[in-house]
Amino acid sequence: MSDPFLLAGATFNSRLIIGTGKYRSHDEMKAAHRASGAEMVTVAVNRVPLDGSGGSFLDHIDPSMRILPNTAGCYDADHAIRTARLAREALGTEWIKLEVIGDPVTLLPDNEQTLEAAKLLVKEGFVVLPYFTDDLIMAKKLLDAGCPAVMPLAAPIGSGMGVQNPSNLRIMREQLPDAVIIVDAGVGVPSDAAIAMELGADAILMNTAIAEARDAAGMASAMRLAVEAGRLGHLAGRMPKRLYASASSPIEGAIR
């Protein structure tokens, strides 16, 4: 708890948020969740049995984890708003990861529809965590709308390409020093997670990189360590980059 992650009045030890999709079995998912050390798990509302029937994957989630429902699969603000309301009724939480997709091929978010939905949901008392492109101006608008955090993408959903625009994330961190920034989507390997955290992200949400790994639990453990290392590296402050060499052992004071 020496460096807790604070979000909307809640405190977490882990800065890694994990998903529930694409696992090959429930047992594999549970093992990965344990290995990740994550304390929050996101679930797609469209996968939740709203009639209260049994046999849901929700039965295999550690009850100590906070469930963060998401509006995956929504393509306009109205659909996302309805889905968020369903999530609140079905799962008993006002927290929602807001996703409004703008293109079915790239799965890139529609920032304008996301902002529209966020404004209304905030007014209805939701804790809105919006997924959007790594756009500083949109980040400011979402924060002004009352979102307690913003979730810029690193790369397209499920691509595993890693941070494609590190300058955008660095600028966002510098221009919004007090904002909670959670990098979401596109992380593929632990080094991607470390880079995102080194750039100043407060946390990372990932699913495919772990679920589609050959050893999901092993990758979850690696991601946990990478997130921790990246966070420590960011807090420690990197050395300046230099065009020319700088000797590790200066000659000043050396024995001649």
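S.K.: Help me understand the overall build of the protein in this model?
M.R.: Looking only at helices and strands, one finds 8 helices and 10 strands in the protein. In terms of overall size, the protein behaves like a compact globule, its C-alpha atoms giving a radius of gyration of 19 Å where 256 residues would be expected to give roughly 18 Å. In the protein, buried positions account for 48% of the 256 residues. With an accessible surface of roughly 12700 Å², the protein has 52% of that area assigned to carbon and sulfur atoms. Across the protein, the centroid of the 24 positively charged side chains sits 5 Å from that of the 30 negatively charged ones.

S.K.: What should I look at first to understand the side chain of N207 in this one?
M.R.: Following the sequence through the fold, N207 ends up in the loop between strand 10 (203-206) and helix 7 (208-211). According to the relative accessible area criterion, N207 is buried, its value standing at 16%. Only 3.0 Å separates the side chain of N207 from the backbone oxygen of G21, close enough to count as a polar contact. Setting aside anything within four residues of it in sequence, one finds N207 in contact with G19, T20, G21, K22 and Y23.

S.K.: It is not clear to me how helix 8 (residues 216-236) should be interpreted in this structure. Could you clarify?
M.R.: One turn of an α-helix holds 3.6 residues; hence residues three or four places apart share an orientation. Counted at 1.5 Å a residue, the expected span for helix 8 with its 21 residues is 30 Å, and the 30 Å between its end C-alpha atoms agrees. Taken together, the buried positions of helix 8 are A216, M219, A220, M223, A226, V227, G230 and R231. Buried residues in helix 8, looked at end-on, bunch into an arc of 130°, giving them a common side. Facing away from the buried side of helix 8, by more than 90 degrees, are the exposed residues L232 and A236.

S.K.: Just to check I follow, could you spell out the side chain of D192 for this structure?
M.R.: By the secondary structure assignment, D192 is in helix 6 (residues 190-198). Residue contacts for D192: discarding those within four places in its chain leaves G160, G162, V163 and V187.

S.K.: It is not clear to me how the nonpolar core should be interpreted in this structure. Could you clarify?
M.R.: Here is a general trend for soluble globular proteins: nonpolar side chains tend to be buried in one another's company. Counting residues in hydrophobic clusters, the biggest one holds 36 residues, and the most contacted among them are Y23, A193, I204, M206, I210 and M223. Elements represented by at least two residues in this core include exactly strand 3 (16-18), helix 1 (26-36), strand 4 (40-44), helix 6, strand 10, helix 7 and helix 8. For this core, the leading source of residues is helix 8, giving 6 residues. In this structure, A193 is in contact with V187, I204, M206, M223, A226 and V227, ignoring residues within four places of it in sequence.

Cut-off values and rules
Residues numbered from 1 in each chain as written. Predicted model: local features only at pLDDT ≥ 70, side-chain atom pairs only at ≥ 80, totals over all residues. Heavy atoms only, no water. Helix = DSSP H or I, 4+ residues; strand = E, 2+ residues; numbered from the N terminus. Rg over C-alpha atoms; globule rule 2.2 N^0.38 Å. Buried < 20%, exposed > 50% of the residue type's maximum accessible area, 1.4 Å probe, protein only. Areas by Shrake-Rupley, 256 points an atom, 1.4 Å probe, with all protein chains shown as cover. Lys, Arg positive; Asp, Glu negative; His and termini not counted. Charge placed at Lys NZ, Arg CZ, Asp CG, Glu CD. Polar contact = N/O pair within 3.5 Å; in protein donor to acceptor, adjacent residues only side chain to side chain. Contact = heavy atoms within 4.5 Å. Expected span 1.5 Å × (residues − 1). Arc of directions from axis to C-beta. Core = buried A, V, L, I, M, F, W, Y, C linked by side-chain atoms within 4.5 Å.

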